[in-house]
Amino acid sequence: MFACLFVPDFRVEAFVCLEPELRLQSVAVLEGKPPLSRIIAMNDRARDAALELGMTRMQAQLRAPEAVLRMRSPEQEATAHASLLDCGHAFSPRVEDTALDHIVIDASGLDRLLGDLSQVAQQIAQRGTSLGLQTNVALASNPDAAIYAAHGFPGITVIPTGAETERLGTLPIENLFPPPETLETLYRWGVRTFAQLAALPEVALSQRLGQEGLQLQKLARGTFARTLVPAEAPLTFQESMELEYPIDLLEPLAFVLARLLEHICARLESRSLATNALHLWLQLEDMDRGSSIFERDLQLPVPMLNPKLFLQLLHLDLKSHPPSAPIGKVRLTADAVRPRFAQGGLFLPVAPEAERLELTLARAKGVVSEERVGVAKVLDTHRPDPFRMERFEVTAPTDKAPVAKQSGRVVKRIFRPPVSVVVLVSNGCPVRLQPHRDVLACSGPWHSSGEWWSDQAWQHEEWDVAVREKEEVALYRIYRDMTKGRWFIAASYD
Amino acid sequence: MFSAAARVLDFSRAQAILADSELGVRRASTLERPSPEMVSTGVPAIDALTGGLPRGALTEIVGPASSGRTSLLLSLLAQATARQEACALVDASDAFDPESAVAAGIDLKRLLWVRCRVTSPCETRTGVARAVIAGKKRTDPGAHVEQALKTADLLLQSGGFGVVVLDLSDVPPAIARRVPLTSWFRFRRAVENTPTVLLALEQQAYAKAAASLVLGLARRNCQWKAIADRAGPSHTRLMGEIEIGAEVLRSQIAIKKRPASAHAHYVLPSAWSIRS
């Protein structure tokens, strides 16, 4: 069996799948350069509102002022088509990319998994709805019968094997898309439906219309057999939306992002995939400088599939890195990866949940700043305070845990940046840190220098000092910057 | 209908019956609190004194500068990361030294470090540094503490960390005292019934009744070790060991085996004295 998914008014549906509220309005899609742009597609409500194909924007606005008129977006059509393919791949690996608005699935064996044929068709239609697409689904014994049934009958159609001719018989002959001269001939013969064409004698039809006529008859009978040409859909998950008016606040942008994320997550889910990186691309509409591009990348520590979490992460990221101008177009791309399969152990040490931790870290970065949250990595250099910050990720426990030593030791607390101090020196040793902090004991000097070849050169004379502070005695590491001749407190011992 | 007096009489009679009976029914207030799981600090003297640090509770370690608070913290973190637990350090003064941490045996990959932004060095440091820059214009002196509290709250609510440390060691008491008591109780509530050790490093105890254990540290002595036998110039001396005194200032934890004394002392060797 073969199933065909057909999206009626595909060009309108490309907009409606991302903006579901448009489903209740009359929508028409225009193409061409204004003011010569004309209607090329519309939904049923627009037809009811007396809009017609080929109308100009002005005519459409006069005829139906409440109608939503959108310029054709090939990008959104490509996105809707990708969603259609994802819907197909959720059921079968053999999916034929037949046309922009319909695909054919090899549904053999699905009845054993999902129930009888009507249940299979219902589940396929439900999957399409979850991806925002309103589809006609038809199941038939050959691809072309399924295609004509999906185009001709709304909703779900199941044609049992052998009943194709009877079921397709009522369809108009135009649905076969014959060449104009052939169609004219058939009209002259009084052939208007599939059934009338199917009933013609084969030999007489062949004598008059040749092999083309015979093929049309087989199609009309629903007995034309051909091989399905399955296509491997590329694993690109990209959603985009062109905004009618530029957005200059994050709150309305969050609504747009929520829709894109929900759609992209539904597509990933239909392919049993997750994502570990999201790329946000914004086209900014600057009045002075024209349009510019603003991009943000969101790297996730583990594969995830949670649109609410993604939205919060993107919102926090945009809050800390806001775009510099109103946004005219939004594009979101997700890197597809296999989902994470983790088996928790009863006796494993506690660890933060990856999704929750990511959100917590994003919020913490919003409180301090991005470069101040993470793990420290000590650098292989003699430079003072050598480290760099790296991303914190939950490290999986290993079988052989290291054994910690049972001892404390004197450690340093660093002053960032070093605190400038005035030091009185006697006989080459520091004796007082101004104001009125007597040095009780000192050790040094210890010379340290390096990177004389670069701008980052340093040359220090370091001392360890015990300083009286009121009733207490504190231990510090101080140093004299030999290039500047000034004293600094580098760290305290604790 | 019973009168109020009759109800009181009935209640006292019921109490007497319960007390006489062998049912084992007692007032809830007289029940012993279940002792929390304690984790080792890695310093035997402290473990002997307190039994370790409690999970699911707030512990305060207080003391002046150079009293061994940070070395105790790093020792605890080394133990926790060796147990493969994820740890978090909210560093209000951005004073954590990764080199010292590695030397103390901490697995830095398991330690989340949040460095709160210091608007001006004057507000964070005690003693010399604070005196040196006294008089300079200060801008929002409690901003970094606020950042630290917010971040600590986020991490505690997130959960899953073995140890969460709020390091207010260098925050002057005048600023740290402004932290509302409700914040401390909120932190305590967040870690209750979780395996998280919540630790606060401070100059004075601020959390009051929210803290289950308050440990006071003080530096008793610091030895300056001469490299040569006789006393010589400054470059022939090295800072040697620091003797630390520890005292349990307050504890709400039922310890199974009480130590003989509420005080302990131990010695912290410096890095170079360990090498020698």
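All of these numbers come straight from a predicted model, not from anything done at the bench. Positions within a chain are numbered from 1, following the residues in the order the chain's sequence is written. Here every chain gets a letter starting at A, and every ligand a number starting at 1, in the order they are written. Local features in this predicted model are restricted to residues whose pLDDT is 70 or higher, and side-chain atom pairs enter the listing and the counts only when it is 80 or higher, whereas totals over whole chains, interfaces and linings include all residues.

## Some words on the interface of chain A and chain B
- Remark: residues whose backbone-derived C-beta atoms lie within 7 Å of one another are considered to be in contact. At the junction of the two partners, chain A supplies 68 residues and chain B supplies 74 residues.
- Contributing elements (two or more residues each) for the side of chain A that touches chain B: helix 14 (354-367), strand 13 (373-378), strand 15 (412-421), strand 17 (429-433), strand 18 (437-450), strand 19 (458-469), strand 20 (472-481) and strand 21 (486-493) of chain A.
- Numbering of helices and strands runs from the N terminus, with a helix taken as a DSSP run of H or I at least four residues long and a strand as a DSSP run of E at least two residues long. Element by element, the count of residues in the side of chain A that touches chain B is highest for strand 15 of chain A, at 9 residues.
- Only strands that DSSP links by at least two bridges are regarded as paired with each other. Where strand 13 of chain A and strand 5 (residues 111-115) of chain B come together, 2 bridges link them in antiparallel fashion. Counted as the bridge partner of G374 of chain A is W113 of chain B from strand 5 of chain B.

## Quick look at the sheet that holds strand 15 of chain A
All names here are of chain A.
- If you trace the 7 strands from one edge of the open sheet to the other, you get 15-21-20-19-18-17-16, paired in antiparallel fashion. Edge strands, defined here as strands with exactly one partner in the open sheet, are strand 15 and strand 16 (423-426). For this sheet the average axis-to-axis angle between neighbouring strands, irrespective of direction, equals 30°. Every axis in this analysis is a line fitted to C-alpha atoms, fitted for helices over the stretch in contact. Angles between the N-to-C directions lie between 0 and 180 degrees.

## Considerations on unusual backbone geometry
- Here the amide bond leading from P34 of chain A into P35 of chain A is cis, since omega sits at 5°, within 30 degrees of zero.
- Tracing the backbone through its elements, the reader meets P35 of chain A in the loop between strand 2 (27-31) and strand 3 (38-42).
- Cis geometry is adopted by the peptide bond preceding P417 of chain A, which originates at R416 of chain A and carries an omega value of -5°.
- Along the polypeptide, P417 of chain A turns up in strand 15.
- The phi angle at D9 of chain A is positive, at roughly 50°, despite the residue not being glycine.
- On the secondary structure map, D9 of chain A appears in the loop between strand 1 (2-6) and helix 1 (10-16).
- One non-glycine residue, D94 of chain B, lies in the positive phi region at around 50°.
- Position of D94 of chain B among the secondary structure elements: in the loop between strand 4 (87-91) and helix 4 (98-103).
- For D94 of chain B, a count of 23 C-beta atoms within 10 Å gives the class buried. To assign burial, the other C-beta atoms lying within 10 Å of each residue's own C-beta are counted, with C-beta atoms placed from the backbone; 20 or more indicates buried, 12 or fewer indicates exposed, and intermediate counts indicate partly exposed.

## Considering the confidence of the model for chain B
All names here are of chain B.
- Per-residue confidence for chain B gives a mean pLDDT of 80, with 72% of residues at or over 70.
- Across the chain, each position has a pLDDT score giving the predictor's confidence in that residue, from 0 to 100. The low-confidence segment residues 120-138, where pLDDT is below 50, has 45 contacts with residues more than four positions distant or belonging to other chains.
- Model confidence for the complex is summarised by a pTM of 0.76, with the ipTM given as 0.81.

## Digging into the pairing of strand 11 (residues 290-304) of chain A
Residue and element names in this part refer to chain A.
- As defined by bridge partners, strand 10 (residues 274-286) adjoins strand 11 across 11 bridges and the pair is classed as antiparallel. Along strand 11, the bridge assignment pairs L284 with S292.
- Where strand 10 folds back onto strand 11 in an antiparallel hairpin, the turn is made up of 3 residues.

## Considering the sheet that holds strand 5 (residues 95-96) of chain A
Residues and elements named next belong to chain A.
- The strand order across the open sheet built from 5 strands is 5-6-1-7-8, with neighbouring strands paired in mixed fashion. Edge positions in the open sheet fall to strand 5 and strand 8 (156-158), since each of these has one partner strand only.
- Relative to strand 6 (residues 102-106), strand 1 runs antiparallel, the two being bridged by 5 bridges. Each residue of the ladder has a partner; that of A3, found in strand 6, is I105.
- Sitting on the sheet, helix 6 (residues 117-130) is in contact with strand 1, strand 7 (136-140) and strand 8, with an inclination near 150° to strand 8.

## Concerning the packing of helix 14 of chain A against helix 6 (residues 143-158) of chain B
- For the pair helix 14 of chain A and helix 6 of chain B, interaxial distance at closest approach is 10 Å and the crossing angle is 175°. It follows that helix 14 of chain A is roughly antiparallel to helix 6 of chain B by the angle criterion. Facing R356, L357, T360, R363, A364 and V367 of chain A of helix 14 of chain A, the residues of helix 6 of chain B in contact are Q147, K150, T151, L154, L155 and S158 of chain B.
- Throughout this entry, Asp, Glu, Lys and Arg are counted as charged residues, while Ala, Val, Leu, Ile, Met, Phe, Trp, Tyr, Cys and Pro are counted as nonpolar. The remaining residues, Gly among them, count as polar. Residues belonging to the contact of helix 14 of chain A with helix 6 of chain B are distributed by class as follows: 5 nonpolar, 4 polar and 3 charged. Any angle that falls under 35 degrees is termed roughly parallel, while one over 145 is termed roughly antiparallel, one within 65 to 115 roughly perpendicular, and all others oblique.

## Some words on helix 6 of chain B
All names here are of chain B.
- Expected span, for any helix, means 1.5 Å times one less than how many residues it has. For helix 6, spanning 16 residues, the distance from its first C-alpha to its last is 23 Å, which sits close to the expected 22 Å at 1.5 Å a residue.
- For helix 6, every residue scored as buried is listed here: H144, V145, Q147, A148, L149, T151, A152, L154, L155, L156 and S158.
- Of the residues flanking the end of helix 6, it is G159, one or two places downstream, whose phi is positive at about 75°.

## Some details on the domain arrangement of chain A
- With domains assigned, chain A is organised as domain 1 (2-161), domain 2 (240-337) and domain 3 (412-493).
- In this structure, domain 2 of chain A and domain 3 of chain A have C-alpha centres spaced 50 Å apart. What fixes the domain bounds is an automatic or database domain assignment.

## Quick notes on the nonpolar core
- Connectivity within a nonpolar core runs through C-beta atoms within 7 Å, and the core itself is a set of buried Ala, Val, Leu, Ile, Met, Phe, Trp, Tyr and Cys residues. Formed by 201 residues in total, the largest nonpolar core has its most connected members in A3, L139 and A146 of chain A.
- When near neighbours in sequence (up to four residues on either side) are disregarded, L139 of chain A contacts M1, A3, A107, L117, V120, A121, A146, V158 and I159 of chain A.

## So, helix 3 (residues 69-82) of chain B
Residue and element names in this part refer to chain B.
- For helix 3, built from 14 residues, the straight-helix expectation of 20 Å at 1.5 Å per residue is met to within 8% by its first-to-last C-alpha distance of 20 Å.
- Counted residue by residue, helix 3 has 13 buried out of 14 residues, so it is predominantly covered.
- Within two residues after helix 3, Q84 carries a phi angle of roughly 70°, on the positive side.

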